[in-house]
Amino acid sequence: MANFVTRTRGRNRLHWTDWVSYAYLVVGLFVMFGPVLWLVMSSFKTESALSQFPPSFLPYSQKEVVVAGFDKPLPLFLAKDESGQTRTLAQVRRIGIMATMVDPAAPETEIRVNINDRKPLNELKFASGNYTELFGKFAFGSYLWNSVFITVVATILTLLFNSMAAFALSKYQFTGQKTVFVLIIATLMIPPTIILVPAFLVISELNLLNNLWGVILPAVATPTGVFLLRQYMLTIPDELLEAARMDNASEWRIYWKIILPLAAPAMAVLAIFSFMWRWNDFLWPLIVLSKSENFTLQLALNAFQGELNTQWHYLLAMTVITLIPITLVFTFLQKYITTGIASAGVK
Amino acid sequence: MSVFLRLLGLFFNLFEPVFRLGQKWLGASRIGWLFVGPNLLVISIFTFLPIVINLVYAVTGGVNLLPTQRPFTGVENFAILLECRDYSDLQSCRTDIFWRSIFNTIQFSAIQVVLMLFFSLVTALVLNRKIIGRGFWRGVFFYPVLLSPVVVALIWKWLLQSQGVFNAGLVALGSTPMDWLLDRHWAFFWVVVVSIWAHMGFYTLILLAGLQAIPKDVYEAAEMDAAPPFRVLRRITLPLLMPNLIVVLVLVMIRAVQSFDEVFVLTGGGPGSATTFIVQYIYQTGFAEQIHLYGLAAAASLILAVGLMALTLAQLRLSKASDAGKTKK
């Protein structure tokens with residue numbers, strides 16, 4: 001094992017460049033994952049723990065105890081009483097610099113303690129309430145549903161439309177075929193940001209404002225998808241199609257019984273991309289969906305960070321939920337994503 | 001799963017009669033139109049048609065969304081955006097926020113391109129070495145690329161807020177906490193940092209692919225000559241990587257010019273207009289302000305389109321030049 005770790009390029013000891021490389025990687029790990037990890041840990045903190053400064057990495061929160069005679073659970077402190085003894089006391093109230101405390105075991109006698117003489121008693125506690133309360137307090141369920149609906153439907157339609165177009169462009173010779181291909185690829189050069197206003201007009205004329213379909217439809221014909229699938233389908237031998245035609249199969253049947261299954265690897269890559277694009281979409285939904293009941297998770301997050309500045313505990317939990325699907329997809333399909341991007345240069 | 005597939009099969013069968021009919025009608029070769037049809041229709045409606053309408057918007061005024069009900073104003077929109085009494089003084093421009101957004105965008109792109117190239121190159125060089133757990137490290141640097149801009153912005157907003165971890169660091173070092181995003185210089189700084197954090201992995205990947213395509217024997221020859229690592233980098237790696245570096249350079253530029261989401265969520269374009277970029281200007285003029293000035297927004301998008309076109313042409317020129325350079329050797 002030690003041999004394996006210290007293995008280098010042919011020589012037996014680590015060259016200084018190796019040390020520098022590993023140092024860089026460790027710093028990189030910290031810089032790239034640190035912020036995300038910090039966010040995830042913070043999302044488990046209670047509201048009061050979030051406002052503590054300096055912040056702690058782990059979600060500590062103050063211990064509380066139910067004392068007979070008091071309605072609410074009281075926060076626990078380690079405090080010095082008049083005799084100078086350190087005891088675990090529960091705080092009843094605080095006026096100025098003096099806190100009124102009681103011993104949870106004997107709640108009848110009140111003890112007055114200077115607030116400088118007490119220290120909060122903390123425990124490690126993951127506040128799952130941030131997550132569970134989301135569903136009751138906001139229309140969080142519908143944001144989630146909107147996001148899932150848009151992502152799933154748009155991805156299915158993208159796969160269908162793009163594979164049909166790619167099939168036509170790779171397996172048929174028809175007049176105008178080249179023009180069509182060039183036109184589709186040319187749209188790569190036109191970023192959606194440039195046609196924002198007229199695209200908005202089209203959507204509003206089609207009565208699709210504040211409609212999830214207004215987000216889905218413009219997205220289902222992606223030039224990248226057509227290009228990716230076409231390149232793949234060009235490698236499928238034409239003889240297969242000829243054989244099927246001999247058996248009197250219709251062109252449609254050839255498409256979905258022969259071409260689609262054979263193009264499955266490329267379809268999978270496009271499916272992953274489409275999933276990421278639609279799940280992460282922001283500007284277009286922001287323009288099309290203005291009523292809050294139609295918001296996607298991304299829009300809800302954006303709206304909340306403006307409005308609920310004080311409600312970071314919900315905002316953080318919602319952010320974590322939004323990043324989970326992408327993280328899962330990435331964890332399981334890392335290899336396909338990185339090789340797909342490296343070879344096609346898409347994102 | 002099999003039930004799903006069977007349902008899918010039934011659904012697909014529904015199209016069969018349509019295509020049989022089309023086949024009879026169009027003939028065996030022209031049936032391609034039927035397959036490319038849906039895609040073409042969507043692109044026509046949502047891309048080609050808007051391009052045409054955008055031109056109409058740019059030369060008409062008023063606040064009406066319907067192009068037929070907008071008065072023709074000629075180049076008025078462009079004049080509103082671009083006219084200044086004194087071009088050395090932004091304050092004298094009719095729309096100084098537009099100019100500001102352009103300058104911000106240019107400044108942002110220029111700074112970002114240099115830093116992005118540097119960091120993604122260094123990372124790619126490190127990842128290209130014989131290191132343990134290469135796949136894992138590659139994943140580490142790539143992961144933020146997949147996060148949505150809103151999530152990225154919120155992660156950093158949380159780190160940078162007044163009670164955040166950066167301020168805790170400052171206090172621990174004996175300094176006072178800062179309002180990072182309320183100071184115009186710091187806000188700009190963090191916008192650059194966040195954007196590099198979020199996208200570096202993508203460009204690293206492109207450079208890594210380029211590095212792995214460099215033939216090994218060139219390096220073996222260098223080792224025979226006992227060339228020091230730095231000279232190997234300067235004389236072998238960088239020249240051979242040039243095509244990829246150019247691709248990255250242009251992609252970073254094109255993306256930087258179009259920056260919107262992260263910045264919008266992180267700073268809202270502020271403080272003041274310190275981080276307002278051109279796309280945000282278009283969004284605000286066309287959609288966010290009380291009065292929707294579609295004509296101005298369309299004119300601004302045309303100006304943006306010209307800028308992007310220039311970048312794309314520059315890429316074609318540069319990559320042709322570097323290809324020519326390669327064949328000469």
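Keep in mind that this is a model prediction, so the values were computed, not measured.

Take the confidence of the model for chain B next. Residues and elements named next belong to chain B. Of the residues in chain B, 98% reach a pLDDT of 70 or more, and the chain-wide mean stands at 88. When mean pLDDT is taken per element in chain B, helix 4 (residues 96–127) scores highest with 94 and helix 1 (residues 2–26) scores lowest with 81. Complex prediction metrics read pTM 0.86 and ipTM 0.87.

Looking now at the packing of aromatic side chains. With the rule as written, the count across this model stands at 60 aromatic pairs over all chains. The interplanar angle of 55° and the centroid separation of 5.1 Å between the aromatic rings of Phe174 of chain A and Trp33 of chain B together place this pair among those described as tilted. In this pair, Phe174 of chain A is assigned in the loop between helix 5 (140–171) and helix 6 (177–186) and Trp33 of chain B in helix 2 (residues 32–58), connecting two distinct chains. Since its relative accessible area comes to 7%, Phe174 of chain A is described here as buried. Consider the rings of Phe11 of chain B and Phe15 of chain B, whose centres lie 5.4 Å apart with planes at 85°: the pair is edge-to-face. Taken together, the residues span about one helical turn, with Phe11 of chain B and Phe15 of chain B both in helix 1 at a distance of four residues.

Before going further, it helps to examine the packing of helix 2 (residues 16–42) of chain A against helix 5 (residues 134–146) of chain B. The contact between helix 2 of chain A and helix 5 of chain B brings their axes to 9 Å, and the two run at 40°. The orientation of helix 2 of chain A with respect to helix 5 of chain B, classified from their angle, is oblique. Read as a crossing pair, helix 2 of chain A and helix 5 of chain B show a hand that is left-handed. Residues Tyr24, Leu25, Val26, Gly28, Leu29, Met32, Phe33 and Val36 of chain A of helix 2 of chain A lie in contact with helix 5 of chain B, whose contacting residues are Phe136, Trp137, Val140, Phe141, Tyr143 and Pro144 of chain B. Tallied by class, the residues present in the contact of helix 2 of chain A with helix 5 of chain B amount to 13 nonpolar, one polar and no charged.

Thresholds, definitions, all that
- Residues numbered from 1 in each chain as written.
- Chains lettered and ligands numbered in written order.
- Predicted model: local features only at pLDDT ≥ 70, side-chain atom pairs only at ≥ 80, totals over all residues.
- Heavy atoms only, no water.
- pLDDT = per-residue confidence, 0-100.
- Helix = DSSP H or I, 4+ residues; strand = E, 2+ residues; numbered from the N terminus.
- Phe/Tyr/Trp six-rings, centres within 6.5 Å; stacked < 30°, edge-to-face > 60°.
- Buried < 20%, exposed > 50% of the residue type's maximum accessible area, 1.4 Å probe, protein only.
- Axes fitted to C-alpha atoms, helices over the stretch in contact; angles between N-to-C directions.
- Parallel < 35°, antiparallel > 145°, perpendicular 65-115°, else oblique.
- Left-handed = near helix turned anticlockwise from the far one by under 90°.
- Contact = heavy atoms within 4.5 Å.
- Nonpolar A, V, L, I, M, F, W, Y, C, P; charged D, E, K, R; others polar.

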